[in-house]
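Structural features, examined
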Amino acid sequence: MTTRMAVLGAGSWGTAFAMILADAGSRVTLWGRRPEVVDAVNRTHTNPDYFPGIALPAGITATVDPAAAVADAEFVVLAVPSQTLRANLAAWAPRIGPQTVLVSLMKGVELGTAKLMSEVIAEVTGADRDRIAVVSGPNLAPEIVRREPAACVVACRDETVAERLQLACHTAYYRPYTNVDVVGCEVGGAAKNVIGLAVGIAEGMELGDNTKASLITRGLAETARLGLAMGADPLTFAGLAGMGDLVATCSSPLSRNHTFGANLGRGMTVAETIAATRQTAEGVTSCRSVLDLARRHRIDMPIAQMVVDVVHDGKPPQVVVKELMSRSAKPERR
Ligand SMILES: NC(=O)C1=CN([C@@H]2O[C@H](COP(=O)(O)OP(=O)(O)OC[C@H]3O[C@@H](n4cnc5c(N)ncnc54)[C@H](OP(=O)(O)O)[C@@H]3O)[C@@H](O)[C@H]2O)C=CC1
Ligand SMILES: O=C(CO)COP(=O)(O)O
């Protein structure tokens, strides 16, 4: 029987993930907040605002009505910016069935509460953790809609639910691996955006590959430190949701976080960079909530701190680089 999927959020990743699900054989309803986007998907099978010229599968229909999207859906896939999830989901939750699996595509931490997206979902819907899943990994949406090969992790505390989701999104170009470490995948996904900003800043300052490799590696170390304090499996950080996503984000000009950082490193102001960024660069907000989360767990995240200093406290990149390099010496693994 064909699986019924709802994808809530018709931006870059929501549209690309809807394509994966439809290519894997599901019937997909994509919710978008703007009627013109929904009309374009239904009439021309394209989403010209996000992917001009890319033909979407006929198995995707779109709606502006969230109730119509989630009605009878086996999986509800959430793809709105992290900071808008709570308010959106509160409105959607009464229409979502008690057996429906809730899937987060989001890579952020809520500002103010320092909660992971799965925690926000559990709190707002009352859903058991066994039906909350996460998809993460090196998945730059513009490459996915060209159907270029990529892999990901689908994580759920209940492995059988992860396996159902794995089947539902497995295509010739998209290879999902299951994992039960939801926390590790979410921490990896949120923190890599922050490290991507740091590497972008370095690139914008015309610093070389040694600097970038050092930031990536030490960025992974501070991410894993936080994850371990939260009960994550350390091996998750060596996998697709850890190292994999970090490499993609820190090396690709397609990454919005990386590009945002590079603009700052080149000397653009934060306001200019925000104005130049059309899509969501989660790390810009989540650098503060990731740091808050780290503080709550008494974990030191100097690179995340450096990003907050530049993005929110107006410190010049040159100053934070000096500060980062003049920290007291320490062993690699502590
Ligand atoms: N793009 C990518 O390659 C990947 C992204 N992700 C993650 O997916 C999540 C979504 O990002 P992405 O799709 O890329 O972001 P985009 O900016 O491309 O799209 C965001 C979508 O959410 C909608 N939206 C914006 N604000 C609100 C709001 N207040 N209420 C409801 N809907 C809103 C936008 O609508 P409108 O068009 O009307 O503005 C748009 O449909 C992020 O957490 C990101 O980190 C994860 C993996 C890959
Ligand atoms: O998460 C992503 C790739 O896996 C997308 O990264 P950006 O949000 O930086 O574009």
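Residues numbered from 1 in each chain as written. Chains lettered and ligands numbered in written order. Predicted model: local features only at pLDDT ≥ 70, side-chain atom pairs only at ≥ 80, totals over all residues.

With an unreviewed UniProt entry as reference, the protein chain is termed Glycerol-3-phosphate dehydrogenase [NAD(P)+], source organism Plantactinospora soyae. In its Sequence similarities (unreviewed entry) section, UniProt records this for the protein chain: "Belongs to the NAD-dependent glycerol-3-phosphate dehydrogenase family." Comment text from UniProt for the protein chain, heading Pathway (unreviewed entry), reads "Membrane lipid metabolism; glycerophospholipid metabolism." (UniProt positions renumbered as here; feature names shortened; annotations may be inferred.)

Moving on: the packing of helix 4 (residues 85-92) against helix 5 (residues 117-125). At a minimum axis separation of 10 Å, helix 4 and helix 5 run at an interaxial angle of 35 degrees. Remark: the crossing between helix 4 and helix 5 carries right-handed chirality. From helix 4, L85, R86, L89 and A90 reach across to helix 5, where they touch M117, V120, I121, V124 and T125. Broken down by class, the residue content of the contact of helix 4 with helix 5 amounts to seven nonpolar, one polar and one charged. (Axes fitted to C-alpha atoms, helices over the stretch in contact; angles between N-to-C directions. Helix = DSSP H or I, 4+ residues; strand = E, 2+ residues; numbered from the N terminus. Left-handed = near helix turned anticlockwise from the far one by under 90°. Contact = placed C-beta atoms within 7 Å. Nonpolar A, V, L, I, M, F, W, Y, C, P; charged D, E, K, R; others polar.)

Turning our eyes to something else, we now look at the site of ligand 1. By nearness alone, 26 residues border ligand 1, and G11, S12, W13, A141 and T280 come closest of all. Element by element, the count of residues in the shell around ligand 1 is highest for helix 1 (residues 12-23), at three residues. Counting only domains with at least three residues in the shell around ligand 1, you end up with domain 1 (4-180) and domain 2 (183-325). (Near = placed C-beta within 6 Å. Domains from an automatic or database assignment.)

Attention now moves to the UniProt feature "binding site: NAD(+)" (unreviewed entry) in the protein chain. The UniProt feature table records "binding site: NAD(+)" (unreviewed entry) at G9, A10, G11, S12, W13, G14, A141 and R256. If we skip the residues at most four places from it in the chain, S12 touches Y50, A141 and Q279. With near-sequence residues (within four places) excluded, A141 lies in contact with S12, W13 and A16.

Glancing now at the environment of P52. Inspection of the secondary structure assignment puts P52 in the loop between helix 2 (35-44) and strand 3 (60-63). A C-alpha to C-alpha distance of 37 Å links P52 and E123, two positions 71 residues apart in sequence.

The contact between helix 8 (residues 182-204) and helix 14 (residues 302-311) brings their axes to 9 Å, and the two run at 65 degrees. Taken together, the axis directions place helix 8 and helix 14 in an arrangement best described as roughly perpendicular. Judged by the sense of rotation from one axis to the other, the crossing of helix 8 with helix 14 is left-handed. Between helix 8 and helix 14, the residues in contact are V194, I195, L197, A198 and I201 and I303, A304, M306, V307, V310 and V311, respectively. Across the contact of helix 8 with helix 14, the residue classes break down as 11 nonpolar, no polar and no charged. (Parallel < 35°, antiparallel > 145°, perpendicular 65-115°, else oblique.)

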